[in-house]
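Understanding the architecture of this molecule
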Amino acid sequence: MNPSFLQTPDTSRYALRRLSAPTCLLDGEFPAARTEGLSAVDLLIEQGRIAGIEPAGTLPAELGPDLDASMVLPGMVDCHTHLDKGHIWPRQPNATGDGAGAAKATMTDRSAHWSAEDVRRRMEFGLATAHAKGVVAIRTHLDSVAPQASISFPVLREVRERWAGRVELQVSSIAPLDIFLGDEGRQLADIVAESGGRLGAVTRFAKHPDNPVPPELDDALARLFTLAMERGLDLDLHVDESTDPRARTLIHVAQMALKKDFQGRILCGHCTALALQTDDYIASTIAACRDAHIDIVSLPTVNMYLQDRSPEARTPRWRGVTTLHEMKAAGLRVAVAGDNCRDPFYAYGDHDMLDTFTQAVKIGHLDHPLGDWIRAATETPAAIMGIDRGRIEVGSRADLLVLKARSYSEMLARAQFDRTVIRDGKGIDTTLPDYRLLDDLVMG
Ligand SMILES: [Zn+2]
């Protein structure tokens, strides 16, 4: 049975009347809804597109249902995930629950299991889940240390093709930065370019696991930038994902971008160690990021899971998120994203950007006022990905989430399991794929 609470009318032209839409995601002026940050609108849907947005109560009753102030959101956008790692938890848990345990467990699982078929089936499971939740676009990183890149990238290309029109899939590599000092880095850049991807790395060295700013850092960054520029690639980096205040590579990335006059986009993920620096250092790093046009994505659920964890049942003392408020205030584009799902980097997760957003609000105090933070899960990641998504606009595809919640308070307080997901104007079945589908892969 489809758990959606609303059945969309079975005609190619219909209205969804008396909805509450985030004001910051609408073009034009509409009457305020009863609660803060929302506007009261009627939507006219025609041939799978939004054909009109009117003040609530304008469109005639016979055109479609009265939603009694239910919230409507645009299809959500997850700009930082790891679909290739997803759902391996049952066969490869993280024994310690921390970052080191995650890296070790993932390496073990990858070398034992990550055939094309294994990666493909877990990736498809993740996409089917995200689609049912109302996610319309995803960027995934793919573990890219040889020989995995030559296995996973062809799978990605095939899966991306199959999901086109349902979930728009982008890809970035991820590998330790020191591979770019050698020929493997060039080969990876070629694979990424052939796949229409982003060149990605973690700003750490495999050969210096305990040194967060290794001596050849700038050499490796220079090489990475050069490889990207030669191929016209954007960059997508995992940066300073650490509780070690010595982890200060973000400023190096910004300075290298400026030195190279890099014209592509740069997305930096995590940047958690920045929150441990002095206010002056934070301000000057953010200023350099702004000058270098660096975008930021925070992965709050995963950072909070992995960081400040101790084997002695010691209660964690910090939240492990970067300086989101300060970055946004300085004019950086700031997104939140889901990162890992049921793998050694995060034991939980369900590919649900609405859940990621509600958790981000609570972890990062993105509230009181909530302001336009909903953009961090919709319009901003879409802009970062360079796609026309994440707003409610006349002429755009009618890819929407309709919630029972009538306010941000109701939305953030209660898990929205009964949401209606509309794609191209039609309500889709939001039944989630059963975990049993993966039993033969991950239950041993
Ligand atoms: Zn990540």
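Residues numbered from 1 in each chain as written. Predicted model: local features only at pLDDT ≥ 70, side-chain atom pairs only at ≥ 80, totals over all residues. Heavy atoms only, no water.

Quick notes on the overall build of the protein chain
The helix and strand inventory of the protein chain stands at 13 helices and 15 strands. The C-alpha atoms of the protein chain give 22 Å as radius of gyration, which agrees with the globular expectation for 444 residues (22 Å, within 12%). Referenced to the eigenvectors of the C-alpha coordinate spread, the extents of the protein chain come out at roughly 70 × 50 × 50 Å. Expressed as a percentage of its 444 residues, the buried residues of the protein chain come to 57%. Accessible surface for the protein chain amounts to roughly 17800 Å². Of this, 51% is attributable to carbon and sulfur atoms. Of the charged side chains in the protein chain, 49 are positive and 62 negative; the average position of the first set lies 1 Å away from that of the second. (Helix = DSSP H or I, 4+ residues; strand = E, 2+ residues; numbered from the N terminus. Rg over C-alpha atoms; globule rule 2.2 N^0.38 Å. Buried < 20%, exposed > 50% of the residue type's maximum accessible area, 1.4 Å probe, protein only. Areas by Shrake-Rupley, 256 points an atom, 1.4 Å probe, with all protein chains shown as cover. Lys, Arg positive; Asp, Glu negative; His and termini not counted. Charge placed at Lys NZ, Arg CZ, Asp CG, Glu CD.)

Regarding helix 2 (residues 116–133)
For helix 2, which comprises 18 residues, the first-to-last C-alpha distance of 26 Å matches the rise-based estimate of 26 Å (1.5 Å per residue) to within 8%. Of all 18 residues making up helix 2, 13 are buried, and the element is well covered by its neighbours. Directly beyond the C-terminal end of helix 2, a positive phi value near 100° is found at Gly134. (Expected span 1.5 Å × (residues − 1).)

Observations concerning the coordination of the zinc ion
Distances from the zinc ion to its protein donors, His80 (NE2), His82 (NE2), His238 (NE2) and Asp339 (OD), fall within 2.1 to 2.5 Å. In this structure, the zinc ion is surrounded by 4 donor atoms whose angles at the metal cover 85 to 177°, and the resulting shape is irregular. Counting the intervening residues between successive donors of the zinc ion yields the motif H-x1-H-x155-H-x100-D. Of the two residues, His80 sits in strand 5 (residues 76–81) while Asp339 sits in the loop between strand 12 (334–336) and helix 10 (353–364), which places them 259 residues apart along the sequence. Since its relative accessible area comes to 4%, Asp339 is described here as buried. (Donors = N, O, S within 2.8 Å, 3.2 Å for Na, K, Ca; no water. Tetrahedral: all angles 85-135°; square planar, octahedral: opposite > 155°, others 65-115°.)

What about the pattern of salt bridges?
According to the stated counting rule, one finds 39 salt bridges in the structure shown. The salt bridge partner of Arg391 is Glu393, with a shortest N-O separation of 3.4 Å. Look at Arg391 and you get buried, because its relative accessible area is 19%. Residues joined by salt bridges that share partners form a network here, namely Asp27, Lys328, Asp372, Arg375, Glu379, Arg391 and Glu393. (Salt bridge = Lys/Arg side-chain N within 4 Å of Asp/Glu carboxyl O.)

Describing the domain arrangement of the protein chain
Per the domain assignment, the segments making up the protein chain are domain 1 (13–75 + 398–427) and domain 2 (77–385). Computed from C-alpha coordinates alone, the two centres of domain 1 and domain 2 are separated by 32 Å. Summing both sides of the interface, domain 1 and domain 2 together bury roughly 1500 Å²; the carbon and sulfur share of this comes to 66%. Of all residues in domain 1, the largest losses of buried area upon contact with domain 2 belong to Leu412, Arg419 and Arg423, amounting jointly to 37% of the total for that side. There are 1 salt bridge connecting domain 1 and domain 2. (Domains from an automatic or database assignment. Buried area = accessible area lost by both parts, 1.4 Å probe.)

Comments concerning the sheet that holds strand 6 (residues 135–143)
Read from one edge of the open sheet, 3 strands run 5-6-7, paired in parallel fashion. Of all the strands in the sheet, just strand 5 and strand 7 (168–174) have a single pairing partner and so form its edges. Between one strand axis and the next, the sheet turns by 15° as a mean value, whatever way the strands run. Here 4 bridges tie strand 5 to strand 6, and the two strands are oriented parallel to one another. From the neighbouring strand, Met76 faces strand 6, where its bridge partner is Val135. Across the face of the sheet, helix 2 comes into contact with strand 6 and strand 7 while running at roughly 155° to strand 6. (Pairing = 2+ DSSP bridges. Axes fitted to C-alpha atoms, helices over the stretch in contact; angles between N-to-C directions. Contact = heavy atoms within 4.5 Å.)

Focus on the sheet that holds strand 10 (residues 266–270)
Taken in spatial order, the 5 strands line up as 8-9-10-11-12 in an open sheet, and their pairing is parallel. In this open sheet, the two edge strands, each paired with only one partner strand, are strand 8 (199–202) and strand 12. Pairwise comparison of adjacent strand axes, ignoring direction, gives a mean angle of 20° for this sheet. In this structure, strand 10 lies alongside strand 11 (residues 294–298), joined through 4 bridges in parallel fashion.

Points about the packing of helix 3 (residues 148–163) against helix 4 (residues 183–194)
At a minimum axis separation of 10 Å, helix 3 and helix 4 run at an interaxial angle of 10°. By the angle class used here, helix 3 and helix 4 are roughly parallel. Along its contact with helix 3, which presents Ala149, Ser150, Phe153 and Arg157, the element helix 4 presents Leu188, Ile191, Val192 and Glu194. When grouped by side-chain class, the residues that make up the contact of helix 3 with helix 4 number 5 nonpolar, 1 polar and 2 charged. (Parallel < 35°, antiparallel > 145°, perpendicular 65-115°, else oblique. Nonpolar A, V, L, I, M, F, W, Y, C, P; charged D, E, K, R; others polar.)

Some remarks on the environment of Arg265
Note that Arg265 resides in the loop between helix 6 (250–260) and strand 10. The exposure class of Arg265 is partly exposed, given its relative accessible area of 29%. Along the backbone, Arg265 and Met411 are 146 residues apart, and their C-alpha atoms lie at a distance of 33 Å. Once residues lying within four places of it in the same chain are set aside, the contact partners of Arg265 are Asp234, Leu235, His293, Asp295 and Arg333. In terms of polar contacts, Arg265 uses its side chain to reach the side chain of Asp295, at 3.0 Å. (Polar contact = N/O pair within 3.5 Å; in protein donor to acceptor, adjacent residues only side chain to side chain.)

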